[in-house]
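Listed below, chain by chain, are the residues.
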Amino acid sequence: MDARVTGTGNNRALVRAVLGIAIFVVLTALLFLVVGDGAYAWIKAIHVIAVISWMAGMLYLPRLFVYHTGAEPGSVQSETFKVMERRLLRAIINPAMVATWAAGLWLAWRGFAFQGGWLHAKIALVLLMSGMHGYLSAAVRRFAEDRNEKPARHWRIVNEIPTLLMIAIVVLVIVKPF
Ligand code: HEM
């Protein structure tokens, strides 16, 4: 059987995800050593890069589910969607979420001492986004085992939730309305 649909592919994706996080941690430590007090702007840049990667995956994964729902279980098309979904989740979405949280919590501590209504509301919405992430991860497992029972319409609706959360989060952090 193709290594991409076996445990070998799984392990490689996991190693890459762990490596990605390790590189992120080392680069962050180097940043502190090199730029010292200027670190806030650099960490914010890393935060925004991680946010873009996380959101790209969170918006694309339910769209893949819409197409996957229409593919016959066991067909080449269905197996290809499984590989795409697993790789997107493990190589991009998971490490990007960890990096977003790590950099975001550091910014909230260093810049705002965890104070501010906008920040509390933002963290609450990011918790909802993380719950959505968990829901989509579970769906990747169900699709991998050909156990998805939800129609394409369900995944189209689910696709809108990260979009709405993202809009509210960005307005909160940029406008800081309260
Ligand atoms: C729990 C996780 C998160 C925490 C604690 C957090 C916290 C923060 C903090 C404290 C800042 C700096 C604000 C400033 O300097 O004015 C920031 C910047 C930013 N965050 Fe987050 N964040 C998190 C997740 C997210 C997510 C999920 C998104 C988008 C969907 C996001 C989007 C942004 C953007 C666009 C900026 C730049 C804002 C600016 O430069 O004015 N953050 N975040």
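Values in this document were obtained by computation on a predicted structure and should not be read as measured data.

All right, on to the overall build of the protein then. Per the secondary structure count, the protein includes 5 helices and 0 strands. Reading the protein from its N terminus to its C terminus gives the helix and strand order α-α-α-α-α. Dimensions along the principal axes, computed over C-alpha positions, put the protein at roughly 55 × 35 × 15 Å. When each of the 178 residues of the protein is scored for burial, the buried share is 22%. Considering only intrachain contacts with a sequence separation of at least 6, the fraction spanning at least 24 residues in the protein is 84%.

For the rest of this paragraph, the subject is unusual backbone geometry. Even without being glycine, Asp146 reaches a positive phi, approximately 55 degrees. Along the polypeptide, Asp146 turns up in the loop between helix H4 (117-144) and helix H5 (152-175). Using a count of 10 C-beta atoms within 10 Å as the deciding quantity, one classes Asp146 as exposed. Even without being glycine, Lys176 reaches a positive phi, approximately 45 degrees. Relative to the elements of secondary structure, Lys176 occurs in the segment after H5.

So, about the site of the ligand. As a structural note, the neighbourhood of the ligand is formed by 22 residues, with Gly104, Leu107, Ala108, Val126 and Ile169 the closest of them. By residue number, the principal contributor to the shell around the ligand is helix H3 (residues 76-112), which donates 8 residues. Within the shell around the ligand, the residues separate by chemical class into 16 nonpolar, 4 polar and 2 charged.

We now examine the environment of Ile92. Looking at where Ile92 falls in the secondary structure, it is placed in helix H3. Residue classification places Ile92 among the buried residues on the basis of 20 C-beta atoms within 10 Å. Along the backbone, Ile92 and Gly20 are 72 residues apart, and their C-alpha atoms lie at a distance of 9.2 Å. If sequence neighbours within four positions are ignored, Ile92 has contacts with Ser53 and Gly57.

This next bit is on the nonpolar core. In terms of nonpolar packing, the biggest core is built from 22 residues, with Ala50, Trp54, Leu61, Ile93 and Ala96 touching the most fellow members. Among the secondary structure elements, those contributing two or more residues to this core are helix H2 (39-69), H3 and H4. In terms of residue count, H2 provides more of this core than any other element does, 9 residues in total. Those residues in contact with Trp54 that lie beyond four places of it in its chain are Ile93, Ala96, Met97 and Thr100.

Reading the values: rules and limits
Residues numbered from 1 in each chain as written. Predicted model: local features only at pLDDT ≥ 70, side-chain atom pairs only at ≥ 80, totals over all residues. Helix = DSSP H or I, 4+ residues; strand = E, 2+ residues; numbered from the N terminus. Buried ≥ 20, exposed ≤ 12 C-beta atoms within 10 Å, placed from the backbone. Contact = placed C-beta atoms within 7 Å. Near = placed C-beta within 6 Å. Nonpolar A, V, L, I, M, F, W, Y, C, P; charged D, E, K, R; others polar. Core = buried A, V, L, I, M, F, W, Y, C linked by C-beta atoms within 7 Å.

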